[in-house]
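Structure assessment
These are the residues of each chain, in order.
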Amino acid sequence: MQTGAIRIIGAISDGRSKYFPDAPTLAEQGFADAQVTPWFGVAVPAGTPQPVVDRISEALEKALATPDVQQRLDIAGCEPKSAPLKQFADIIKTDVALWAKVVKEAGITAD
């Protein structure tokens, strides 16, 4: 992009990327439904005691705040954003519903 060999026409994210702040999001260009934000998360088995879940969550938050982890994620082009457990569960539910609809409407089947 810096050399002009490619041009970003729109970022598919919930906000402008710190890596490409001049690239408008698709939502800013009137395509709010084109919102697809990749995410990574950590899951535990259902029934894991809440104190264990809280301890893991706190450890992850602490790790994400360290300069070493932030630098490694930055090199990979990742902008870490933590989400409270309830918000993360809502993100998963929303994405499952979105992609289930896409799969159904496109007639996609597993081989």
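As a reminder, the structure under discussion sits directly above these lines.
Residue numbers here run from 1 along each chain, matching the order of that chain's written sequence. Note on the predicted model: pLDDT of at least 70 is required for a residue's local features to be given, and 80 or more for side-chain atom pairs to be given and counted; whole-chain, interface and lining totals, by contrast, use all residues. For the side-chain quantities, the full set of heavy atoms in the structure was used; hydrogens and water were omitted.

Attention now moves to the packing of aromatic side chains. Note on aromatic contacts: the rings of Phe and Tyr and the six-membered ring of Trp form a pair at centre separations within 6.5 Å, being stacked when their planes are under 30 degrees apart, edge-to-face when over 60 apart, and tilted otherwise. Tallying each qualifying case throughout the model produces 1 aromatic pair. Judged by centre distance (5.3 Å) and plane angle (90 degrees), the rings of Trp39 and Phe88 are edge-to-face. On the criterion of sequence distance, the pair formed by Trp39 in the segment before α1 (50-64) and Phe88 in helix α3 (residues 85-106) is long-range, its members being 49 residues apart. By relative accessible area, which is 36% here, Trp39 ends up partly exposed. Classification of Phe88 as buried rests on a relative accessible area of 17%. The helix count covers DSSP runs of H or I at least four residues long, the strand count covers runs of E at least two residues long, and both are numbered beginning at the N terminus. Think of it in three bands: residues with accessible area under 20% of the maximum for their type are buried, residues over 50% are exposed, and the middle band is partly exposed, with areas taken using a 1.4 Å probe on protein chains only.

This part is about the pattern of salt bridges. Any Lys or Arg side-chain nitrogen found within 4 Å of a carboxyl oxygen on Asp or Glu counts as a salt bridge. Counted by the stated rule, this structure contains 5 salt bridges. The shortest N-O distance in the salt bridge between Arg72 and Asp68 comes to 3.3 Å. On the criterion of helical spacing, the pair formed by Arg72 and Asp68 is a turn pair, its members being 4 residues apart in helix α2 (residues 67-75). Salt-bridge contacts for Asp90 lead to Lys86; the nearest nitrogen and oxygen are separated by 2.8 Å. Here Asp90 pairs with Lys86, and both are found in helix α3, just 4 residues apart, close to one helical turn. The class of Asp90 is partly exposed, set by a relative accessible area of 31%. What makes Lys86 exposed here is its relative accessible area of 57%.

Glancing now at the environment of Ala11. Among the structural elements, Ala11 can be located in the segment before α1. Beyond its immediate chain neighbours, meaning those up to four positions away, Ala11 contacts Ala23, Pro24, Thr25 and Leu26. Two residues form a contact once any of their heavy atoms are found within 4.5 Å.

A word on the side chain of Ser17. Mapped onto the elements, Ser17 comes out in the segment before α1. For this analysis, a polar contact is any N or O atom pair within 3.5 Å, provided that within protein one partner can donate a hydrogen and the other can accept it, and provided that sequence-adjacent residues contribute only side-chain to side-chain pairs. Looking at Ser17, its side chain comes within polar contact range of the side chain of Glu79, at 3.2 Å.

Glancing now at the environment of Ser13. Here Ser13 lies in the segment before α1. Not counting chain neighbours up to four residues away, the residues in contact with Ser13 comprise Thr25, Gln35, Val36 and Thr37.

Okay, the side chain of Thr25 next. Relative to the helices and strands, Thr25 is located in the segment before α1. Assessed through its relative accessible area of 4%, Thr25 is described here as buried. Aside from chain neighbours lying at most four places away, what touches Thr25 is Ala11, Ser13, Gly15 and Arg16.

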